[in-house]
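# Descriptive structure summary
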Amino acid sequence: MKKLSLSILAILTLFAVWACNEDSIGQETPENNQQAVGSFLIRQSDGFLQLLTLADGGVAFSQNSDQRALPAPFGDQQGAWKSTAEQDIKVTTLDFVYDFDDGTFTGYGLSTFTGSFDNQFNELTGNVLVEIFGLEQDPLDPDEEPTNMFGPITFNGTRITVD
């Protein structure tokens, strides 16, 4: 009976350790950031549109209406976001850039969004700076010099909701 109790205690301990580790896998979204979580239709001042999603745990996704255009098409963007003040955020996304003629991978696009929410967290205004890096460059190295830059471009965004 004593061996059975110790076995059950060991199993419960292992389960508790596993459950604690499962909760800490992703980054935690602080309480004041929770209102920012969602998807937004972004209208840029240059005429292009973005779909920007801010997910729990500081994960960000974006798509741009200009992705397939000349001179350098690029893929969907993925990255991270954080709150920089009560209603302010910073988002960094990365994508792959391709040669329009043959589709070969030619480098990276690094987009940095800075923005502010209205009081209800339904409207987002700010700007985005896009930096292009070559194939042999590290776009995540802050000392790396981009080969090209676009912006900053101002934008206005509206939360996508369900009626």
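Scroll up to find the structure this text is about.
What counts, and at which threshold
Residues numbered from 1 in each chain as written. Predicted model: local features only at pLDDT ≥ 70, side-chain atom pairs only at ≥ 80, totals over all residues. Heavy atoms only, no water. Buried < 20%, exposed > 50% of the residue type's maximum accessible area, 1.4 Å probe, protein only. Helix = DSSP H or I, 4+ residues; strand = E, 2+ residues; numbered from the N terminus. Pairing = 2+ DSSP bridges. Core = buried A, V, L, I, M, F, W, Y, C linked by side-chain atoms within 4.5 Å. Contact = heavy atoms within 4.5 Å. Lys, Arg positive; Asp, Glu negative; His and termini not counted. Salt bridge = Lys/Arg side-chain N within 4 Å of Asp/Glu carboxyl O. Polar contact = N/O pair within 3.5 Å; in protein donor to acceptor, adjacent residues only side chain to side chain.

A one-sided burial pattern is seen for strand 3 (residues 59-64), the buried positions being Ala60, Ser62 and Asn64 and the unburied ones Val59, Phe61 and Gln63. Bridge count for strand 2 (residues 49-55) against strand 3 is 6 bridges, and the pairing is antiparallel. Pairing of Leu51 across the sheet is with Gln63, part of strand 3. Taken together, strand 2 and the strand that follows it, strand 3, pair antiparallel across an intervening segment of 3 residues, in which Gly57 is found at a positive phi of about 80 degrees.

Another aspect to go through is the nonpolar core. Formed by 20 residues in total, the largest nonpolar core has its most connected members in Leu54, Trp81, Ile89, Val91, Phe117 and Leu124. When residues of this core are traced back to their parent elements, those giving at least two are strand 1 (38-44), strand 2, strand 5 (88-98), strand 6 (105-117), strand 7 (123-134) and strand 8 (148-159). In terms of residues, this core owes the most to one element, strand 7, which gives 4 residues. Apart from residues no more than four positions distant in its own chain, Val91 is found in contact with Leu52, Leu54, Ala60, Ala80, Trp81, Ser111, Thr112 and Phe113.

Time to look at the environment of Gly47. Mapped onto the fold, Gly47 is located in the loop between strand 1 and strand 2. Between the C-alpha atoms of Gly47 and Phe155, which are 108 residues apart in sequence, the distance is 9.5 Å.

The next point concerns the side chain of Arg159. Along the polypeptide, Arg159 turns up in strand 8. The side chain of Arg159 is buried and forms no salt bridge, while Asp118, the nearest opposite charge, is found at 7.3 Å. A polar atom in the side chain of Arg159 sits 2.7 Å from the backbone oxygen of Phe121. In contact with Arg159, not counting residues within four places along its chain, are Gln35, Ala36, Val37, Gly38, Ser39, Phe40, Phe121 and Asn122.

We now examine the pairing of strand 7. Within a regular strand, the side chains alternate between the two sheet faces. As paired strands, strand 6 and strand 7 are joined by 11 bridges and run antiparallel to one another. Bridge pairing in strand 7 places Leu110 opposite Glu131. Counted between consecutive antiparallel strands, the loop separating strand 6 from strand 7 contains 5 residues, among which Phe121 sits at a positive phi close to 60 degrees.

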